[in-house]
Amino acid sequence: MQQQWALHRFSEARSAASVFVLLALLLQPVCAVGERAPDPPAPPQNTSTPAQVVSTCYDFLESHLCAGELWGLPFHFYRPSLQKYSPDQWLWDSGSHMIVWSHRNVTNSILDLRTMLQMQQPDGRIPEEIFWGNRTDAQRLELLDNWSNERACDLTQMPVLPWSLRAIINATLATAGPVAAQKIAEEFLLPLIKYFRWWRDTRAVDGDDLVYVLHGWESGLDASPAYDQAYGIPEDVPQPPYLLLYPRFEELILTYKFLYGWNQTAILHAPHAIDGLPLFNFFHMKDVGVNSIYAAGWALLGAIAESIGQAGLAAECYASGNATAKAITTKMFDPQTRRFFHLYKNVHTGEEKRASQNTVQTLLPLLLPVLNVGKDIADDIIAGDLTNTSKYWSAFPVPTTSMDSPSFNPVFSESDDLMWRGPTWGFTNWFVIEALSSRNYTAVADALVQRWLALVEKSGIWEQYNPITGDPYGAVGLGMSTLIVDWLYRTGIVATSGKSVLLAELKSTWLGHVAGNSWDIWPGHFYAIARSKHCCTPRADFLSLSLLVVAGCTGGSWQLQFQLDWPKDVERSESKRMKRALLRDRTGSLARLMKSRGGVLREVCTTLDSAEAPEAMV
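The UniProt entry for the protein carries the following text under Sequence similarities (unreviewed entry): "Belongs to the glycosyl hydrolase 63 family."

**Looking at the side chain of H103**
Position of H103 among the secondary structure elements: in the loop between helix 4 (91-101) and helix 5 (106-117). By relative accessible area, H103 is classed as buried at 17%. Reaching out from H103, the side chain makes a polar contact with the side chain of D486 at a distance of 2.6 Å.

**Topic: the sheet that holds strand 8 (residues 343-345)**
Taken together, three strands build an open sheet; the order of strands is 5-8-9 and the sheet is antiparallel. Across the chains shown, the open sheet's two edge strands, defined by having one partner strand only, are strand 5 (285-286) and strand 9 (352-354). Judged from the three bridges that link them, strand 8 and strand 9 form a sheet pairing that is antiparallel. Bridging from a neighbouring strand, L343 pairs with R354 of strand 9.

**Digging into the environment of L82**
For L82, the position within the fold is in the loop between strand 2 (73-78) and strand 3 (89-90). Of the residues examined, L82 reaches a relative accessible area of 35% and is grouped as partly exposed. For the pair L82 and P38, spaced 44 residues apart in the sequence, the C-alpha separation amounts to 10.0 Å. Ignoring sequence-local partners within four residues, the contact set of L82 consists of D39, P40, S63 and H64.

**Regarding the pattern of salt bridges**
With the rule as written, the count across this model stands at 24 salt bridges. With a closest N to O distance of 2.7 Å, R114 and E187 form a salt bridge. Linking R114 in helix 5 with E187 in helix 8 (residues 178-203), this pair joins segments that are 73 residues apart in sequence. We classify E187 as partly exposed; its relative accessible area is 32%. Residue K331 pairs with D208 through a salt bridge whose shortest N-O separation is 2.9 Å. In this pair, K331 sits in helix 13 (residues 311-331) while D208 sits in the loop between helix 8 and helix 9 (216-219), placing the two residues 123 residues apart along the sequence.

**A word on helix 13**
Along its 21 residues, helix 13 runs 30 Å from first to last C-alpha, staying within 8% of the 30 Å computed at 1.5 Å per residue. Among all positions of helix 13, only L313, A314, C317, S320, G321, T324, A325, A327, I328 and T329 are buried. Looking at the packing, one finds that the buried side of helix 13 touches helix 8, helix 12 (288-307), strand 6 (333-334) and strand 7 (339-340).

**Focus: the packing of helix 7 (residues 161-176) against helix 8**
The description of two packed helices rests on the angle between their axes and on the distance between the axes. Where helix 7 meets helix 8, the closest approach of the two axes is 8 Å, and the angle between their N-to-C directions is 170 degrees. Taken together, the axes of helix 7 and helix 8 are roughly antiparallel relative to one another. Here L161, P162, L165, I168, I169, T172, L173 and A176 of helix 7 lie close against helix 8, whose contacting residues are P178, A180, A181, I184, A185, F188, L189, L192 and F196. Residue classes in the contact of helix 7 with helix 8 are distributed as 16 nonpolar, one polar and no charged.

**Here's the deal with the packing of aromatic side chains**
Inspection of every chain in the model, using the stated rule, returns 33 aromatic pairs. Considering the side-chain rings of Y58 and W101, the 5.3 Å spacing of their centres and the 50 degrees angle between planes classify their relative orientation as tilted. Highlighted residues: Y58 in helix 3 (residues 50-63) and W101 in helix 4, separated in sequence by 43 residues. A relative accessible area of 1% places W101 in the buried class. Ring geometry for Y231 against F249: centres 4.9 Å apart, planes inclined by 45 degrees, an arrangement best described as tilted. Here Y231, found in the loop between helix 9 and helix 10 (242-258), pairs with F249, found in helix 10; they are 18 residues apart in sequence, far enough to count as distant. Neither residue differs from the other here; Y231 and F249 are each classed as buried. If you follow R104 out to its NZ or CZ, it ends over the ring of Y58, 4.0 Å from the centre. The ring centre of F341 lies 3.9 Å from the NZ or CZ of R354, which sits over that ring.

Conventions used here
- Residues numbered from 1 in each chain as written.
- Predicted model: local features only at pLDDT ≥ 70, side-chain atom pairs only at ≥ 80, totals over all residues.
- Heavy atoms only, no water.
- UniProt positions renumbered as here; feature names shortened; annotations may be inferred.
- Helix = DSSP H or I, 4+ residues; strand = E, 2+ residues; numbered from the N terminus.
- Buried < 20%, exposed > 50% of the residue type's maximum accessible area, 1.4 Å probe, protein only.
- Polar contact = N/O pair within 3.5 Å; in protein donor to acceptor, adjacent residues only side chain to side chain.
- Pairing = 2+ DSSP bridges.
- Contact = heavy atoms within 4.5 Å.
- Salt bridge = Lys/Arg side-chain N within 4 Å of Asp/Glu carboxyl O.
- Expected span 1.5 Å × (residues − 1).
- Axes fitted to C-alpha atoms, helices over the stretch in contact; angles between N-to-C directions.
- Parallel < 35°, antiparallel > 145°, perpendicular 65-115°, else oblique.
- Nonpolar A, V, L, I, M, F, W, Y, C, P; charged D, E, K, R; others polar.
- Phe/Tyr/Trp six-rings, centres within 6.5 Å; stacked < 30°, edge-to-face > 60°.
- Lys NZ or Arg CZ within 6 Å of the ring centre and 35° of its normal.

Listed below in structure tokens is the structure:
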């Protein structure tokens, strides 16, 4: 995330006959690629209530807007922050902005994604950073010191865009209806599948369906301790100093540029580091978090493809995602410690080895389907790591390194600038909660949202935070940190306006399926209902949707039935009466079950009113 201003100028190296010249240049004074103006001061923030948190987040995003035209192409996106970050577009930062904007103005999300996809490469790769920012000709030329072109860098980044597309589709469905939502799905689905094919075909080169990252910047977790050994840092140096670690980031970029010409196939087929080369030149990392998001992203793309009737594409997506998910559970899970781990290749021998550090990415296999990561494994990870107060359950979770690790450092120092070694960040929080929510660990997910909210109410919107004290660090108003807005809306802490995006999430997988009636099918596990091809009547089945929301907030439909002590087999007419009485909350049972989800309860009541409207609302 920080290479834009951190890489040195090496313009002389383009005509150098020897890489030894590069080593000499490393010793010259640092000069950023394009001088940055001084950072503006941090504005005052009012985050004293959830509603104020939402308002502050959107104020920051509005101030980060970058719009105009370059290379004959229009652009409209949001830079990460007015501080530290240049006015360029980063892949996973923009992915987070799309999710947040989907609740307020989905057009902004759509324009952001369209802007990014203009720079999708012919082979499918989407760049980590696109250089839309205003630069002089000389500054543009400096970009070629590191990259193969002046428009975008040659790396990619965490493949989060399926979740961005899901948010866009859900918001479009809620505000403009199913026809518009289907058009959005059709516009963006194929480019994202092409991107994921690029990951599969270019980065899964060992025949085990696991993908590599070529640099710590590609995961977005730049200096995570997970990568120390892959960068050649000895295990007995848990807190490497800046001058030992960070120059390797820069040298790796130079190696890829001048030795390999950014030929990623050649880079990945190098057996080990080149001996005698005075630059660090080998980094092959299989990050378990990247692989989990990649596998889960395939599955999400499959669900979107299925929802618009693209059965063949859906089958490809599900198969690719399942192959990687299976590889994660067979190659990256330790049944003794009940923990997932990273894999890397030793710099000198090329031997694949297990990374020893316990970092937040090891929690992300919870995103994978139950078929791959069963409830027993999930329970062990949540109890043994996530909610363990000596590991990840800090006052302001989720720390990015386990607190019992020798590599854990809760304090970020601007002078060292080594990020992701302990402080809490927004996108990793978001994915952990997403994983818990998808598996119905509602109580733990809600607790994380509440602690995240307490952090923001205490300290405001910043780049990162001390997970123990809540002290803020880094750039103010970082767009990625505004992801808390998504969970404030989805949990009902802050009420949505207009049609329910929450209900749109449930309806989004049902586009095109209008046979049968899930109201009559219930009870049955609510996932089975949602995935059924017989879910909705031609009139929107709002009664079923309302019941599905309640079931989703209480642990699933069977759990709901157990809590209500309802009989399993009742007459159809009696079943409908009981369900309607529950949703109307005539006995107070619903309010009791959803006491922490007041906003969702209000949406259920509104939706039930829609069910009894004289005409269908689709």
